[in-house]
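So the chains spell out like this:
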Amino acid sequence: MDAPTAALIGASVGVIGTLAGALINPHTAARHARNMKIIDLRKDAYLECMKVLQKVPPLIRPHEMRTLAREIEAVPVAQMRLFADDVTAEWLGELADILNRAADRIEELGKKSASDCMDDKQIKLLISEWEEGITRFLRAARSDLGIETFSPERTPKSGRTRDTLRANW
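Description of the structure in this document.

This paragraph deals with helix 1 (residues 3–53). Counted at 1.5 Å a residue, the expected span for helix 1 with its 51 residues is 75 Å, and the 72 Å between its end C-alpha atoms agrees. At I24, helix 1 shows its strongest bend, of approximately 30 degrees, with the proline P26 following within four residues. Inspection of helix 1 places R42, A45, Y46, C49, M50, V52 and L53 among the buried residues, and these make up the whole buried set.

Here is the structure:
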């Protein structure tokens, strides 16, 4: 092959590569923008859930627990089903169920709030389940958003993470 033929082939490859890049780049940029928008929507959904979950159930009355359960089931669970995974949405549904069971138990005992019946084993168990559920949800949110690198199913290497999460709530 002589020099002019090699130069022509090289120039052709360069032109074809440039054209291919020009065609592919907008699609890649659009896909990246779409993914970033989904991440922003997911972040907003997690924040909305956290706003609802930061109300402290042990200190509220049964009717407030039921209202909080309805708030969890209304917006956050729907947002989690849309922007996150079904497991996280199920965990939120379980938290709403825990609130309803706690409200039932408080009314069954004839008390005004969970703090009035802290000596009841079932209430203690429900409060413990609530705290574990919130911790599990936070782990899933942090993992999904890339804030922490462990999966929701794994336990953190130290108890410090759990204490930090509780302190933030």
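Alright, that's what it looks like, and here's the rest.
Right, let's talk about the environment of L95 for a bit. Tracing the chain through its elements places L95 in helix 4 (residues 86–109). The class for L95 is buried, based on a relative accessible area of 1%. On a C-alpha basis, the gap between L95 and A69 in space is 7.6 Å, while along the polypeptide they are 26 residues apart. If we skip the residues at most four places from it in the chain, L95 touches L53, W130, G133 and I134.

This brings us to the packing of aromatic side chains. How two aromatic rings sit relative to each other is given by the distance of their centres and the angle of their planes. Scanning the model with the defined rule gives one aromatic pair in all. Geometrically, the ring pair formed by Y46 and F137 is tilted, given 5.7 Å between the ring centres and 55 degrees between the ring planes. Of the two residues, Y46 is situated in helix 1 and F137 in helix 5 (residues 121–145); the sequence distance between them amounts to 91 residues. Comparing Y46 with F137, the two get one shared label, buried.

This next bit is on a nonpolar patch on the surface. A grouping of M1, I9 and V13 is seen on the molecular surface, where their side chains present a nonpolar patch of about 350 Å² in accessible area. Within the secondary structure layout, V13 lies in helix 1.

Cut-offs and rules
Along each chain, the written sequence defines residue order, and numbers are assigned to residues from 1. Selection of residues for local features in this predicted model requires a pLDDT of at least 70, selection of side-chain atom pairs for listing and counting requires 80 or more, and totals for whole chains, interfaces and linings are taken over all residues. Derived side-chain values reflect all non-hydrogen atoms in the structure, with water molecules and hydrogen atoms excluded from consideration. Runs of H or I in DSSP of at least four residues are treated as helices and runs of E of at least two as strands, each being numbered from the N terminus. Between the first and last residue of a helix there are one fewer steps than residues, each counted as 1.5 Å, and that sum is the expected span. Throughout, bend refers to the angle between the axes fitted to the seven residues that end at a position and the seven residues that start at it. For the exposure calls, accessible area comes from a 1.4 Å probe over protein chains only, and a residue counts as buried if that area is under 20% of its type's maximum, exposed if over 50%, partly exposed in between. Contacts are assigned to residue pairs with any non-hydrogen atoms lying within 4.5 Å of each other. Only rings of Phe, Tyr and Trp enter the pairing, Trp through its six-membered ring, and a pair is recorded when the two centres are within 6.5 Å. The plane angle decides the type: under 30 degrees is stacked, over 60 is edge-to-face, the rest tilted. Like charges are joined within 9 Å and nonpolar side chains (Val, Leu, Ile, Met, Phe, Trp, Tyr) within 5 Å, but only among residues with over 30% relative accessible area and no salt bridge; these make up the patches. Here the accessible surface of atoms and residues is derived via Shrake-Rupley with a 1.4 Å probe, and residues count as covered only by protein chains that are part of the display. Within this document, salt bridges are pairs made up of a side-chain nitrogen of Lys or Arg and a carboxyl oxygen of Asp or Glu, the two lying within 4 Å of each other.

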